[in-house]
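Summary of the model geometry
The primary structure of each chain is shown beneath.
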Amino acid sequence: MIPNVEYIKPKTLEETFLLLEKEGSVALAGGTDVVVNLREEKLHPQLLVDIKGLKELKGIKEIPEGIWIGALEPVQKAVEHPLIAPYTALVEGGGSIGCLEIRYRATIGGNICNGSPSADSVPGLLLYDAKAVIASKIGERTVSLESILLGPGKVDLKKGEILKGVILPKAKEGSKSKYYRRTRVKGMDLSGVSVAVYAESPGIEGKSDIRIALGAVMPTVARGRKGEAILAGKKLTDELLEEAINEILKDVNPRKGSLRAEPEYKKKMVAVLIKQALFEMNGGVLCEA
Amino acid sequence: MKHSIKVKINGQLYLEEVETGMTLLQFIRDKVGYTGTKIGCENGECGACTVIMDGDPVRACLILAVEADGADITTVEGLSEKDKLHPLQQSFIETGAAQCGFCTPGMLMAGKALLDKKPNPSDKDIMDALGGHLCRCTGYKSISKAVEIAIEKTK
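Attention here is on the structure that accompanies the text.

What counts and how
- Residues numbered from 1 in each chain as written.
- Chains lettered and ligands numbered in written order.
- Predicted model: local features only at pLDDT ≥ 70, side-chain atom pairs only at ≥ 80, totals over all residues.
- Heavy atoms only, no water.
- Helix = DSSP H or I, 4+ residues; strand = E, 2+ residues; numbered from the N terminus.
- Expected span 1.5 Å × (residues − 1).
- Buried < 20%, exposed > 50% of the residue type's maximum accessible area, 1.4 Å probe, protein only.
- Contact = heavy atoms within 4.5 Å.
- Pairing = 2+ DSSP bridges.
- Axes fitted to C-alpha atoms, helices over the stretch in contact; angles between N-to-C directions.
- Parallel < 35°, antiparallel > 145°, perpendicular 65-115°, else oblique.
- Left-handed = near helix turned anticlockwise from the far one by under 90°.
- Nonpolar A, V, L, I, M, F, W, Y, C, P; charged D, E, K, R; others polar.
- Buried area = accessible area lost by both parts, 1.4 Å probe.
- Salt bridge = Lys/Arg side-chain N within 4 Å of Asp/Glu carboxyl O.
- Polar contact = N/O pair within 3.5 Å; in protein donor to acceptor, adjacent residues only side chain to side chain.

1. Points about helix H10 (residues 263-281) of chain A
Residues and elements named next belong to chain A.
- With 19 residues, H10 extends 27 Å between its outermost C-alpha atoms, agreeing within 8% with the 27 Å of an ideal straight helix rising 1.5 Å per residue.
- Listed in full, the buried residues belonging to H10 are Pro263, Lys266, Met269, Val270, Ala271, Leu273, Ile274, Ala277, Leu278 and Met281.
- Considering only its buried residues, H10 is in contact with strand S11 (175-182), strand S12 (193-200), strand S13 (210-215) and helix H9 (238-251).
- Where H10 ends, the next residue or the one after it, Gly283, has phi of about 70°, a positive value.

2. Section: the sheet that holds strand S1 (residues 2-9) of chain B
Residues and elements named next belong to chain B.
- Ordered by their spatial adjacency, five strands build an open sheet running S2-S1-S5-S3-S4, and the pairing between neighbours is mixed. Two strands close off the open sheet at either side, each with one partner strand: strand S2 (12-19) and strand S4 (56-59). Each neighbouring strand pair of the sheet contributes to a mean axis angle of 40°, computed without reference to strand direction.
- With two bridges joining them, S1 and strand S5 (residues 72-74) adopt parallel strand pairing. Directly across from Ile9, in S5, lies its bridge partner Ile73.
- Against the sheet, helix H1 (residues 24-32) engages S1, S2, strand S3 (50-53) and S5, with an angle of about 110° to S2.
- Against the sheet, helix H3 (residues 104-117) touches S3, S4 and S5, its axis set at about 30° to S3.

3. Quick notes on the pairing of strand S5 (residues 66-70) of chain A
All names here are of chain A.
- Of all five residues that make up S5, five are buried, and the element is covered over most of its length.
- The pairing of strand S4 (residues 60-63) with S5 spans four bridges and is classified as antiparallel. Paired with Ile63 across the bridge in S5 is Gly66.
- In sequence, S4 turns back onto S5 through a hairpin of two residues.
- As paired strands, S5 and strand S10 (residues 162-169) are joined by five bridges and run antiparallel to one another. Within the sheet, the bridge partner assigned to Ile69 lies in S10 and is Val166.

4. A word on the packing of H3 of chain B against helix H4 (residues 123-130) of chain B
All names here are of chain B.
- Taken N-terminus to C-terminus, the directions of H3 and H4 make an angle of 140°; their axes are 9 Å apart at the nearest point. Taken together, H3 and H4 sit at an angle that is classed as oblique. Our pair here, H3 against H4, has a crossing hand that is right-handed. Contacts between H3 and H4 involve Met107, Ala110 and Leu114 on the former and, on the latter, Asp125, Ile126, Ala129 and Leu130.
- Its residues assigned to classes, the contact of H3 with H4 shows six nonpolar, no polar and one charged.

5. Section: the sheet that holds strand S6 (residues 131-136) of chain A
All names here are of chain A.
- Taken in spatial order, the five strands make up an open sheet running S4-S5-S10-S6-S7, and their pairing is antiparallel. Each edge of the open sheet is held by one strand with a lone partner, namely S4 and strand S7 (139-144). Each strand axis lies, on average, 25° off the axis of its neighbour in the sheet, ignoring direction.
- Pairing geometry for S6 and S10, over five bridges, is antiparallel. What sits directly across from Val133, in S10, is Gly165.
- This element, helix H1 (residues 13-21), spans S6 and S10 of the sheet and lies at about 120° to S10.

6. Remarks on the side chain of Arg223 of chain A
Residue and element names in this part refer to chain A.
- In this structure, Arg223 sits in strand S14 (residues 222-223).
- On the basis of relative accessible area, Arg223 is assigned to the buried category, the value being 9%.
- The residues contacting Arg223, other than those within four sequence positions of it, are Leu126, Leu127, Asp129, Glu146, Arg211, Ile212, Ala213 and Glu228.

7. Describing the interface of chain A and chain B
- Every contact between the two is made by 28 residues of chain A and, on the other side, 30 residues of chain B.
- Summed over both partners, the interface of chain A with chain B comes to about 2300 Å²; 56% of that surface belongs to carbon and sulfur atoms.
- Counting the contacts that link chain A with chain B gives four salt bridges.
- Linking Asp56 of chain B and Lys77 of chain A is a salt bridge whose minimum nitrogen-to-oxygen distance equals 3.1 Å.
- At the junction of chain A and chain B, the tally comes to 11 residue pairs in polar contact (both at pLDDT 80 or more).
- Put simply, the parts of the chain that give the side of chain A that touches chain B at least two residues each are strand S1 (6-8), helix H2 (34-39), strand S3 (47-50), helix H3 (75-80) and helix H5 (100-105) of chain A.
- With six residues, H5 of chain A is the single largest residue contributor to the side of chain A that touches chain B.

The values reported here are purely geometric and, on their own, carry no functional implication.
Put into structure tokens, the structure is as follows:
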């Protein structure tokens with residue numbers, strides 16, 4: 001049973017800020033997590049604020065800083081959008097969420113704000129240094145998306161703040177990315193481990209700008225920056241890649257008792273999937289001989 | 001707290017008062033009386049409650065009725081025209097894609113949304129459309145076959 005709590009669908013941002021400041025208020029977007037959590041009594045709001053009437057949170061368009069994705073854009077609309085096509089890891093990651101019917105309701109903003117360490121659209125966003133635009137009655141702040149991911153179910157949104165959308169910096173000409181995940185079953189499942197890798201051509205053969213983001217292996221989705229630093233500006237070799245992966249794995253400490261995968265498996269798969277992504281993007285060779 | 005909502009279902013407008021906790025699934029079945037939309041897992045996992053809302057296939061168990069205010073919804077009852085079955089319904093019969101029948105309305109609505117959006121879908125499109133639907137009888141082959149036949153018929 002879903003409780004008969006108060007429900008309001010504001011039409012303006014100003015109204016929304018005031019409603020979200022209220023004790024016990026919860027923002028409702030696509031509802032694919034919120035409605036499930038209400039039913040399972042994991043969420044006990046006094047007020048549901050349905051934000052789907054806010055036009056400021058919609059749209060996918062080119063802006064001077066890159067590509068704007070409104071927080072309310074359904075995942076499916078985003079992954080099918082021509083402006084998002086160059087961001088392969090985002091298209092692949094977003095496209096792996098739930099099933100088609102879920103993706104038509106679930107929103108990009110919701111996938112972020114739910115704060116799941118295994119959020120499938122987030123690694124692709126982090127690879128491209130996406131920014132989060134957060135609004136409240138005192139104004140807007142634009143911060144790195146990675147910086148608002150605090151822990152499982154926790155994002156850095158204060159009472160009365162709302163995620164308006166994300167900004168993806170322009171994808172560089174010739175850049176590539178891939179997203180891989182491992183699940184228990186082929187059908188609908190949450191990621192047990194996921195890896196997104198970005199490479200700039202001729203990054204793989206020549207000087208590397210390789211970026212790596214990991215899901216479901218740390219308290220939040222996160223970049224493997226220490227490993228990236230090892231690879232930066234150097235020619236990719238097997239030895240260098242091993243070194244970078246080992247450095248990344250030092251920070252990978254998956255919790256025990258996960259329903260989806262054991263820590264040892266997750267760590268092994270991080271290495272395998274990083275290599276698989278580079279192999280794929282480099283046309284079937286991992287490193288130049 | 002009651003909310004007045006206005007929802008179009010299978011072409012007819014319904015004006016009703018609903019509580020926040022009522023799902024679109026409950027609304028369609030209990031308020032409007034269309035019981036073709038099935039209650040399966042009520043958790044978004046099985047696909048039995050799939051309806052088409054403003055052109056998109058969605059899970060009626062994951063949407064509150066109050067959220068559907070202003071929406072245009074098609075349920076399985078809206079597929080046929082008078083006595084004439086929709087090509088999908090016809091092909092489901094021909095291939096034996098309906099056995100116990102419980103998943104069938106959801107499968108049909110997923111197929112309908114696919115045909116509406118992509119008249120020439122790829123194999124992957126078909127798998128994507130049906131991928132979130134559980135069937136415990138058929139083994140799925142007859143269902144995807146039925147959708148393929150309907151695609152050919154409606155081309």
